[in-house]
Amino acid sequence: SLSVREIFRNSNSYFDQTIKVSGWIRTSRLSKTFGFIELNDGTFFKNIQIVFDDTLHNFKEISKLPISSAITVEGKLEETPGSKQPFEIKATTINIEALSSSDYPLQKKRHSLEFLRSIAHLRPRSNTFSAVFRVRSLVAYAIHKFFQERDFVYTHTPIITGSDCEGAGQMFRVTTFDMNSVPLKDDNTVDFSKDFFGKETNLTVSGQLEAEAYALAFRKVYTFGPTFRAENSNTSRHASEFWMIEPEIAFADLEENMALAEDMLKYIIQYVLNNAPEEMEFFNNFIDNTLLDRLNNIVNSEFGKITYTEAIDLLKKSGENFEYPVEWGCDLQTEHERYLTEKIFKKPVFVTDYPKDIKAFYMRLNDDNKTVAAMDLLVPGVGEIIGGSQREERLEILEKRMEEMGLNKEDYWWYLELRKYGGVKHSGYGLGFERAIMYITGMSNIRDVIPFPRTPKSAEF
Ligand code: 4AD
Ligand code: MG
């Protein structure tokens, strides 16, 4: 049978021909002697209209089919000038593939996103989530395409790891113990030497450290995989399990790092605009009516750039009544990020050179000894979507930073060794995949851009 995508994309070659499609009933309208079915086959955002009448031997049965029943239709594709839809299939036979129960929860009305979240197994059949998850797939593809076209090597970094890349201690523990008899040491702490892995292991918070090792072999690499953070923050932008893209480039400084991030983001936005026009129009009509203007502007303009110190000055002078007052040295809160991107720049903006005390141990210390060569990309509506830096390649300074931050150097022996053997300057960043999807679709909750979200207190599916 033909896919509905193929029919919509090349309808001219099918007019007045007999074709066959299989799909699920989205809606139907009936009168005594004929009816219309909006059929969705999953390959295309839009439904195809089926017309049928009482010349079908099973007309009565078809008329009574509940929404979400699956059918196979054979009939002629006919143009319908002047109607809402450009064409329809005039059915000659309709076979029932699967009968749906009439208590199907997705009826023909607009359901709230909260309700749809509670049926995560069915929501991909709704318009909104059909659009979100096809765009998610396209963005993933565009990211691979972008990096592969630029000769980056796709590197698979481990999910189970002994090191805490971000040093924030927000990790999910991995153990192989029998939970009824966890081995203890004399001081009653857990004896990890008895674990299958022989040491304390966790789910990775970032593949960066391993990506650095591969960048010093392949020059340009990227990771794209799931990462895990056990932060107990119940916000619309944090998930316990999310996907991250982490390019890492040898011989690159912070400027080149930012240029790559800007090129990448523009590339994937343009790719989605070109390849998912129906979905993007839907988001613009029903989710955020400034979306298409905004995205089209972004691909044609330069991102903003400001240092952390300048940003703090701007925020202090803003006259805004922030919930968290700003002082040099504080982390930027959502309200500050929003002010910078939505009131000042009105476009994506890189904030660079943060105080060393609020950033991770691996970032390169600047000559002022107070700030590091870090960059965050903030975007209107979402806030931080990228965090990156030039890495500290100087062994003594890196060791000193680790000591200051209370990290155990033995745990990072291989990472430190990279600095001894041709450890040139290098840089990289991490793009939060779900945050990118939020930005591109206008969806405002991270739970609505990942199929089965994992957030504190929610792992029902
Ligand atoms: O800023 P982060 O913590 O940076 C790193 O992990 C670096 N190792 C990346 C690198 O330089 N290779 O995380 C990077 C991005 C953030 O900007 C954000 O978009 C996303 O990952 N992110 C989250 N997304 C969803 N839920 C969470 N809990 C997230 N934490 C970070
Ligand atoms: Mg960050």
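This structure is a prediction, so every number in the text was calculated from the model and none was measured.

Chemist: Mind showing me how you'd approach the overall build of the protein chain here?
Modeler: Each helix and strand in the protein chain was counted, giving 13 helices and 16 strands. Expressed along its principal axes, the backbone C-alpha trace of the protein chain runs to roughly 85 × 60 × 45 Å. By the burial criterion, 51% of the 461 residues in the protein chain qualify as buried. Pairs at least 24 apart in sequence give 67% of the contacts found in the protein chain among residues at least 6 apart. Accessible surface computed for the protein chain: about 22,300 Å², of which carbon and sulfur atoms make up 49%. The averaged location of the 68 negative side-chain charges in the protein chain is 5 Å from the averaged location of its 55 positive side-chain charges.

Chemist: Help me understand the sheet that holds strand E3 (residues 48-53), please; the structure alone is not making it clear to me.
Modeler: What holds strands together in a sheet is hydrogen bonding between their backbones, with the strands either parallel or antiparallel. Strand order in this closed barrel of five strands is E1-E2-E3-E5-E4, and the pairing throughout is mixed. Adjacent strand axes in the sheet meet at a mean angle of 55°, parallel and antiparallel pairs treated alike. Where strand E2 (residues 34-40) meets E3, six bridges bridge the pair, whose relative direction is antiparallel. Bridging from a neighbouring strand, Glu-38 pairs with Gln-49 of E3.

Chemist: What should I look at first to understand the layout of surface pockets in this one?
Modeler: The probe, sized like a water molecule, is rolled over the atoms to show the empty space still left. Roughly 1,500 Å³ of internal volume is contained in the largest pocket. For the largest pocket, the lining is made up of 45 residues, of which Arg-26, Thr-27, Phe-45, Asn-47 and Asn-127 are closest to its centre. Taken together, the elements giving at least two residues each to the lining of the largest pocket come down to strand E1 (18-30), E2, E3, helix H3 (113-117), helix H4 (127-149) and helix H7 (277-286). The element contributing the most residues to the lining of the largest pocket is E1, with six residues. Taken together, the residues of the lining of the largest pocket sort by class into 18 nonpolar, 15 polar and twelve charged. Of the pockets and cavities examined, the second largest pocket occupies roughly 1,200 Å³. Lining the second largest pocket are 42 residues, with Glu-166, Arg-229, Glu-231, His-238 and Glu-384 sitting closest to its centre.

Chemist: What is the right way to look at the environment of Thr-235 in this model?
Modeler: Tracing the sequence through the fold places Thr-235 in the loop between strand E10 (220-228) and strand E11 (241-250). Placed 211 residues apart in sequence, Thr-235 and Ile-446 show a C-alpha to C-alpha distance of 8.5 Å. For Thr-235, the side chain forms a polar contact with the main-chain nitrogen of Arg-237, separated by 3.0 Å.

Chemist: Could you clarify how one ought to interpret the packing of helix H9 (residues 308-317) against helix H10 (residues 334-345) in this entry?
Modeler: Each pair of packed helices gets described by two things: the angle between the helix axes and the distance between those axes. One can describe the packing of H9 onto H10 by two numbers: an axis separation of 11 Å at closest approach and a directional angle of 85°. In terms of orientation, H9 lies roughly perpendicular with respect to H10. Of H10, the residues touching H9 (which contributes Ala-311, Leu-314 and Leu-315) are His-336, Tyr-339, Leu-340 and Ile-344. The class makeup of the residues in the contact of H9 with H10 is six nonpolar, one polar and no charged.

Chemist: Before we go on, may I ask you to explain the site of ligand 1 in this structure?
Modeler: Neighbouring ligand 1 are 25 residues; Glu-166, Gln-208, Arg-229, Glu-246 and Glu-384 lie closest to it. Separating a nitrogen atom of ligand 1 from a side-chain N or O atom of Glu-166 is a distance of 2.7 Å. Within the backbone of Ile-385, a nitrogen or oxygen atom sits 2.9 Å from an oxygen atom of ligand 1. Expressed as a share of its isolated accessible area of 630 Å², the protein-covered part of ligand 1 is 93%.

Chemist: Help me understand the pattern of salt bridges, please; the structure alone is not making it clear to me.
Modeler: For side chains of opposite charge, pairing can occur when their charged atoms come near one another. What the rule picks out here adds up to 25 salt bridges. Across the salt bridge formed by Lys-305 and Glu-255, the nearest N and O atoms sit 3.1 Å from each other. Here Glu-255 lies in helix H6 (residues 254-275) and Lys-305 lies in strand E12 (residues 304-307), a separation of 50 residues in the sequence. By relative accessible area, Glu-255 is classed as partly exposed at 46%.

Chemist: I would appreciate a short explanation of the UniProt feature "domain: Aminoacyl-transfer RNA synthetases class-II family profile" (unreviewed entry) in the protein chain in the present structure.
Modeler: Here the UniProt-annotated "domain: Aminoacyl-transfer RNA synthetases class-II family profile" (unreviewed entry) positions come out as residues 133-451. Helix makes up 36% of residues 133-451 and strand 18%. Its end C-alpha atoms lie 8 Å apart.

Chemist: Is there a simple way to explain empty space enclosed by the protein in this structure?
Modeler: Applying the stated criterion across every chain yields a total of one cavity of 30 Å³ or more. Considering only enclosed or pocket space, the largest cavity measures out at about 40 Å³ in volume. Around the largest cavity, the lining residues are Thr-161, Ser-163, Cys-165, Thr-204, Val-205, Ser-206, Leu-209 and Glu-210. Its residues assigned to classes, the lining of the largest cavity shows three nonpolar, four polar and one charged.

Chemist: Where do I start with the pairing of E2 in this structure?
Modeler: For a regular strand, side chains alternate in direction, first toward one face of the sheet and then toward the other. Pairing analysis gives six bridges linking E1 to E2, with the strands arranged antiparallel. In the sheet register, Thr-27 faces E2, and the bridge partner there is Glu-38. Once E1 ends, the chain turns through three residues before running back antiparallel as E2.

Chemist: Got a minute to help me understand H9 in this structure?
Modeler: Since there are 3.6 residues in each turn of an α-helix, residues three or four apart along the chain are aligned in direction. Looking only at H9, the buried set comprises Tyr-308, Ala-311, Ile-312 and Leu-315. Down the axis of H9, the buried set is contained in an arc of 100°. They therefore lie on one face. Buried residues in H9 make contact with E12, H10 and strand E13 (349-352). Positive phi appears at Gly-319, one or two residues downstream of H9, with a value of about 75°.

Chemist: Which parts of the structure should I look at to understand the packing of H4 against H6?
Modeler: The interhelical angle for the contact between H4 and H6, taken along N-to-C directions, is 135°, at an axis separation of 9 Å. Judged on the interaxial angle alone, H6 and H4 are oblique. H4 and H6 meet at a crossing whose hand is right-handed. Residues Val-135, Leu-138, Val-139, Tyr-141, Ala-142, Ile-143, Lys-145, Phe-146, Phe-147 and Glu-149 of H4 lie in contact with H6, whose contacting residues are Leu-260, Asp-263, Met-264, Tyr-267, Ile-268, Tyr-271, Val-272 and Asn-275. Of the residues belonging to the contact of H4 with H6, the class tally is 14 nonpolar, one polar and three charged.

Conventions we followed
Residues numbered from 1 in each chain as written. Chains lettered and ligands numbered in written order. Predicted model: local features only at pLDDT ≥ 70, side-chain atom pairs only at ≥ 80, totals over all residues. Heavy atoms only, no water. Helix = DSSP H or I, 4+ residues; strand = E, 2+ residues; numbered from the N terminus. Buried < 20%, exposed > 50% of the residue type's maximum accessible area, 1.4 Å probe, protein only. Contact = heavy atoms within 4.5 Å. Areas by Shrake-Rupley, 256 points an atom, 1.4 Å probe, with all protein chains shown as cover. Lys, Arg positive; Asp, Glu negative; His and termini not counted. Charge placed at Lys NZ, Arg CZ, Asp CG, Glu CD. Pairing = 2+ DSSP bridges. Axes fitted to C-alpha atoms, helices over the stretch in contact; angles between N-to-C directions. 1 Å grid on protein atoms, 1.4 Å probe; cavity = no way out; pocket = protein on both sides within 12 Å on 5 of 7 lines; lining within 4 Å. Points joined across faces, edges and corners; volume = space filled by probe spheres on them. Nonpolar A, V, L, I, M, F, W, Y, C, P; charged D, E, K, R; others polar. Polar contact = N/O pair within 3.5 Å; in protein donor to acceptor, adjacent residues only side chain to side chain. Parallel < 35°, antiparallel > 145°, perpendicular 65-115°, else oblique. Near = heavy atom within 4 Å. Salt bridge = Lys/Arg side-chain N within 4 Å of Asp/Glu carboxyl O. UniProt positions renumbered as here; feature names shortened; annotations may be inferred. Arc of directions from axis to C-beta. Left-handed = near helix turned anticlockwise from the far one by under 90°.

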